[in-house]
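# Coordinate inspection notes
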Amino acid sequence: MRINFLNKLGLSESPRLPFLYGAASLLTLLVLWVLSTSVLGLIDARTLPSPVEVVGRFLNLVVEPFSGSTLIGHVGASLYRWALGVGAAILLGVPVGILFAWVPAFRAVFNPIFEVLRYIPPFAWVPIAILWFGASTATQAMVVFIAAFPACVINAQLGVQQVDPILVRAAKVLGAGQGAMLRRVVVPVAAPAIFTGLRIAISNGWMALVGAELVVGKVGLGFLISQGQNNDSVSTIFVGIIAIGTLGVLIDGLLQRSETLLLPWRKPRAQRDG
């Protein structure tokens, strides 16, 4: 009988194994970065600065303003605009998706409009947004909203459409009205698909925000990167890039944690059983 090597080590069922793999891959990348820049000097610092230089620039940006604000100020501005756009997309997009699936007349009227608009890239709206709102927070939040809205609608619609009709009929037999059926049966069953849509929307909105800040921003991480380019500071650009990626991972992790807490039935069986 062939015995799995991981079973010998007692790691096959360990919840820490994915974390260990991820940590090992990041550590490998860091080692390669150090070797290619600081140790062997294979890559010029103007092309790829060393980790030490990036860390030093990061510490400097935390305490000293750059282009009008410290790194914390740029992060705060980006998060604020992103929260406005994504929040509006979720508050409007999820109900619209549910209505698309639940009310055929609503879908017949508004779905063609949605289908046309969702294929227009978010950045195509930047000139219009500037004309409407100027180079303001509203312009960038609008771009975020446009990028995040379709995922909220589509996944909410799919989640409701995939609800087992037997559950709906059973709720009707027990005397549930349309509102009670949505609250107690349809939305809870569709919640996993809705959360998947939220994750996609958050990611799309975050990337769109950075792009908008590169074009019209006066503060924020995208603006920080563009000013790093203007000042010929590659280390500043890398600080901005790493901050964007790190914040994206943290936001996604918080959403996954929220899904685990709000939808406990979605936990793996091994985790539920302890």
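These lines cover the structure that appears in this document, whether it is placed above or below. This is a predicted model, so every value here is computed, not measured.

A tally of helices and strands in the protein yields twelve helices and zero strands. In sequence order, the secondary structure elements of the protein are arranged as α-α-α-α-α-α-α-α-α-α-α-α. Here the protein holds 274 residues, and the buried ones make up 38% of them. When contacts within the protein are restricted to residue pairs at least 6 apart in sequence, long-range pairs at least 24 apart make up 67% of them.

Take helix α5 (residues 104–117) next. In a regular helix each residue adds 1.5 Å, so 14 residues correspond to 20 Å; α5 covers 20 Å between its end C-alpha atoms and thus fits that length. If you look at α5, its biggest bend is around 45°, right at F110, and the proline P112 turns up within four residues after that.

Direction vectors running N to C along helix α3 (residues 51–63) and helix α11 (residues 234–262) enclose 80°, while the axes themselves pass 9 Å from each other. Taken together, the axes of α3 and α11 are roughly perpendicular relative to one another. Of α11, the residues touching α3 (which contributes E53, V54, R57, F58 and L61) are S235, T236, F238, V239 and I242. Residue classes in the contact of α3 with α11 are distributed as six nonpolar, two polar and two charged.

Tallied over the entire structure, the rule returns seven aromatic pairs. Between F106 and F110 the ring centres are 4.8 Å apart and the planes differ by 40°, which places this aromatic pair in the tilted class. Here the residue F106 and the residue F110 both occupy positions in helix α5, the gap between them amounting to four residues, near one helical turn. Overall, F106 belongs to the partly exposed group, its relative accessible area being 23%. A relative accessible area of 40% means that F110 is categorised as partly exposed. When the ring of W132 is compared with that of F133, the centres are 6.2 Å apart and the planes differ by 85°; the resulting orientation is edge-to-face. For W132, a relative accessible area of 56% translates into the label exposed. Given the relative accessible area of 41%, F133 is considered partly exposed. Ring-pair connections join several aromatic residues into one group, and the members of that group are F100, F106, F110, F114, F145 and F149.

Scoring rules and cut-offs
Residues numbered from 1 in each chain as written. Predicted model: local features only at pLDDT ≥ 70, side-chain atom pairs only at ≥ 80, totals over all residues. Heavy atoms only, no water. Helix = DSSP H or I, 4+ residues; strand = E, 2+ residues; numbered from the N terminus. Buried < 20%, exposed > 50% of the residue type's maximum accessible area, 1.4 Å probe, protein only. Contact = heavy atoms within 4.5 Å. Expected span 1.5 Å × (residues − 1). Bend = angle between axes of the 7 residues up to and from the residue. Axes fitted to C-alpha atoms, helices over the stretch in contact; angles between N-to-C directions. Parallel < 35°, antiparallel > 145°, perpendicular 65-115°, else oblique. Nonpolar A, V, L, I, M, F, W, Y, C, P; charged D, E, K, R; others polar. Phe/Tyr/Trp six-rings, centres within 6.5 Å; stacked < 30°, edge-to-face > 60°.

From the geometry alone we can't say anything about function, so treat these as descriptive.
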